[in-house]
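Listed here are the chains, written in short residue letters.
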Amino acid sequence: MAEAQVSCDNDDKQQCQPCSRKSDNRAAVIFCLTCKEFQCLDCSKGHDIYAFMNDHKLVSVAEGQSHVSSTECDDFDATLYKCVKHNKRFKFYCKQDNTLLCTKCAITSHGKCENIVDIEDMDGQGRCDKLKNELVAAINLTNQVTELLDDANSRLSADIRALSDKLKDMKARFIQIFDDFTDEILTHASVYSKSTHDDLAKKKVKCETQIKSMKKDVRTLDSIISTGTPAEQFITERRMLDDVQHAVEDATSIHEELSTIDINCSFDDQFKKFKYKVLSEFNSESFKISYQLPNPSKLEFVRSIELKKTGDDLKEPMYTGLSFLPDGRLVTVDVLNSKCLIYDVNLNMKNSYKFPYEYPYSVTAVSDDEVVVTSGGRYRLEFLNVSKTNKVTLKRSCKMNAKYDSISMMNNENFVVSTIDHIKPFRVVSMSGDETDINIKTPSKKYPVDTNFCTYICGRSIIVQSDRDEDKIYIYNIESGDNVVVKDELVKSPFGLAVGPYDHVFVGSYSTKCLVEITPGGRVLSSHQVDMDYPRYIAISKDKKLLAVSNAAQGARKLSLYKIA
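A. How the structure looks around the overall build of the chain. Along its length, the chain carries 9 helices and 30 strands. Against the 2.2 N^0.38 benchmark of 24 Å for 565 residues, the chain shows a C-alpha radius of gyration of 43 Å, more extended than a compact globule. Taken along the three principal axes of its C-alpha coordinates, the chain extends 160 × 80 × 45 Å. In the chain, which comprises 565 residues, the share counted as buried stands at 41%. Sequence-distant contacts in the chain: of pairs separated by 6 or more residues, those separated by 24 or more amount to 48%. Carbon and sulfur atoms make up 52% of the accessible area of the chain, which totals about 32,200 Å². Each charge class in the chain was averaged separately, 76 positive and 83 negative side chains, and the resulting centres sit 3 Å apart.

Next comes the structure, spelled out in structure tokens:
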């Protein structure tokens, strides 16, 4: 521990090591033998809050300094203080050559130097403090670069997945076009086949009629030849000659028609249409993967509406749930008047649905025409159908075993929900209503209503949780088990969260009256001022181009819409 080594040489001022890593020079008040860290009063509070830290042993700074000797520091390098050439401890410093010297170096190599001083006369604390601050700044900068590289890698993986999905979609569309082409060809062929069959059938009937007639004539001639007199045979020959000649001519004619029949069906027109359809459908498709390092987003104000009592409202509306449908319509939940409301892209209210109970909480879109609403104290999820004409109907209800506040889609089958008065801050709930805990270490505390919110970053397996009372944002990777705790002056009383461009998370910071933008790695990237006091709840559209926000300012409640640039 580099910081511990510095402190061993400086008993007068021992700095808090966690704060030092954030370039914040605060005085330490205790030393934790388990954490092996000097900590200030704020940083040491974790030992009182978290159960897994209750057995840590805390001692005074003085005891900690005596405990942390240079030989006990894991990162301490004893050779740092010795001359490489003579393996002797440094005793002098040559100001002329800017070189540390052992006794032998001073005699053999710097005997003629006139500006050699004893190291004991040099004050190194200010130098070390400056060097340490520079090193901490470099670490922070490198951490940012590492995070950006991780973000680029994640974005590349997401783009590859998107490309695969795009190709699958193109394949499906091509197959559909080809199926339509096949149906058209077979329909055309069927029509031609029926017409040709009918024509051939007529010719066949004509032939069969001729055959029947000629066979009758043959039987007549056979009878006359066998029993008739020469005179009768002469008369028969004379009477039947014309008929026989006509019959032979007809048979010859039909035979010639059949021998030269041309069955020809062309599909050139249909194929030309097929080629044109394929070209027009896929001509504008682009196969390109590009990535830029993410910069803070820009919010451009679009429109805002004041939330006032109307119609059957008993109280001033307060929207605690916001979610965009894929077509851009906004679904809101009014907790105080027990309503679900539908707004168009211009924030014109189109319809509403009245719940038969109090305090519905949050909402998330499931599909083009379905949303799900949490009802907290009612221990249930409500699935609502929202038609293209904005009619809202109850589709089904799922009974829950716990109370839930915020809700977001995890995948096509599951939601991530924040809990109320539960031992876990968040859980997974399936579309069918099955509830499961996530096997990941979280603070051991129960959250009252309106103090705990979460969202999910699809493609990264990351749950982001806001702790209103602690002014903290927790970022959990549920695959690796890693977590990051974000505590920043901009994040005060954090409420609702939503995932925006580059998987940046926007959080409503109630006390600082702004929206804070945080990277998936936990870096506070920017803050955004909005046209309202005390912003709480946020929704971002599926295409990441629109952001809606509501607040809880008594007498000045709003719903606002912004473009994300």
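B. Here's a closer look at the nonpolar core. Counting residues in each nonpolar core, the largest one holds 31 residues, and the members touching the most others are L322, L330, Y343, V464, I473 and L559. With residues near it in sequence (within four places) discarded, L559 still touches R303, S304, I305, L307, Y319, L322, L330, T332, Y343, L347, V549 and S550. Listed in part, the 15 residues of the second largest apolar core include L325, V333, I342 and A365.

C. Highlighting the sheet that holds strand 26 (residues 514–518). Taken together, 4 strands build an open sheet; the order of strands is 24-25-26-27 and the sheet is antiparallel. The sheet is open, and its two edges are formed by strand 24 (494–499) and strand 27 (524–529), each paired on a single side. Averaged over all adjacent pairs, the angle separating strand axes in this sheet is 25°, with direction ignored.

D. Local environment of the packing of aromatic side chains. In this structure the tally under the stated criterion is 14 aromatic pairs. Geometrically, the ring pair formed by F178 and F181 is tilted, given 5.9 Å between the ring centres and 55° between the ring planes. Remark: F181 and F178 occur in helix 7 (residues 125–227); sequence separation between them is 3 residues, near one turn of the helix. Its relative accessible area of 14% is what places F181 among the buried residues. The ring of F383 has R396 sitting right over it, with the charged end atom 3.8 Å from the ring centre.

E. Molecular detail of the environment of A548. Positionally, A548 belongs in strand 29 (residues 546–551). Relative accessible area serves as the criterion here: at 0%, A548 is assigned to the buried category. Distance from A548 to S560, taken between C-alpha atoms, is 5.6 Å for residues 12 residues apart in sequence.

F. Structural detail: the pairing of strand 8 (residues 319–324). Among the 6 residues of strand 8, 6 are classified as buried, and the element is accordingly described as predominantly covered. Between strand 8 and strand 9 (residues 330–334), which follow one another and run antiparallel, lie 5 residues, and G328 among them has a positive phi close to 100°.

G. Unusual backbone geometry, seen in detail. One non-glycine residue with positive phi stands out, namely K513, at about 55°. Relative to the helices and strands, K513 resides in the loop between strand 25 (505–509) and strand 26. When its relative accessible area of 31% is taken as the criterion, K513 is described as partly exposed. Of note, Y534 is a non-glycine position whose phi angle comes to about 55°, a positive value. Relative to the helices and strands, Y534 resides in the loop between strand 27 and strand 28 (535–540).

H. The state of the cysteines, seen in detail. One pass over the full model with this rule turns up 0 disulfides. C83 forms no disulfide, and the closest cysteine sulfur to it belongs to C105, at a distance of 3.6 Å. Just so you know, C113 is unpaired, no disulfide at all, and the nearest cysteine sulfur is the one on C94, 3.9 Å from it. Note on C113: relative accessible area 17%, which makes it buried.

I. Spatial organisation of the sheet that holds strand 5 (residues 99–101). Pairing is antiparallel in the open sheet, where 3 strands are placed in the order 5-4-6. The open sheet has two edge strands with one neighbour each: strand 5 and strand 6 (116–118). The mean angle between the axes of side-by-side strands here comes to 30°, regardless of whether they run parallel or antiparallel. Two elements, strand 4 (residues 92–94) and strand 5, share 3 bridges in a ladder whose sense is antiparallel.

J. Region of interest: the environment of V335. Along the chain, V335 turns up in the loop between strand 9 and strand 10 (339–343). Given a relative accessible area of 6%, V335 falls into the buried group. Sequence-wise, V335 and Y319 are 16 residues apart; in three dimensions their C-alpha atoms are separated by 6.3 Å. Residues in contact with V335, not counting those within four places in the same chain, are M318, T320, Y359, P360 and Y361.

Cut-offs applied
Residues numbered from 1 in each chain as written. Predicted model: local features only at pLDDT ≥ 70, side-chain atom pairs only at ≥ 80, totals over all residues. Heavy atoms only, no water. Helix = DSSP H or I, 4+ residues; strand = E, 2+ residues; numbered from the N terminus. Rg over C-alpha atoms; globule rule 2.2 N^0.38 Å. Buried < 20%, exposed > 50% of the residue type's maximum accessible area, 1.4 Å probe, protein only. Contact = heavy atoms within 4.5 Å. Areas by Shrake-Rupley, 256 points an atom, 1.4 Å probe, with all protein chains shown as cover. Lys, Arg positive; Asp, Glu negative; His and termini not counted. Charge placed at Lys NZ, Arg CZ, Asp CG, Glu CD. Core = buried A, V, L, I, M, F, W, Y, C linked by side-chain atoms within 4.5 Å. Pairing = 2+ DSSP bridges. Axes fitted to C-alpha atoms, helices over the stretch in contact; angles between N-to-C directions. Phe/Tyr/Trp six-rings, centres within 6.5 Å; stacked < 30°, edge-to-face > 60°. Lys NZ or Arg CZ within 6 Å of the ring centre and 35° of its normal. Disulfide = S-S within 2.5 Å.

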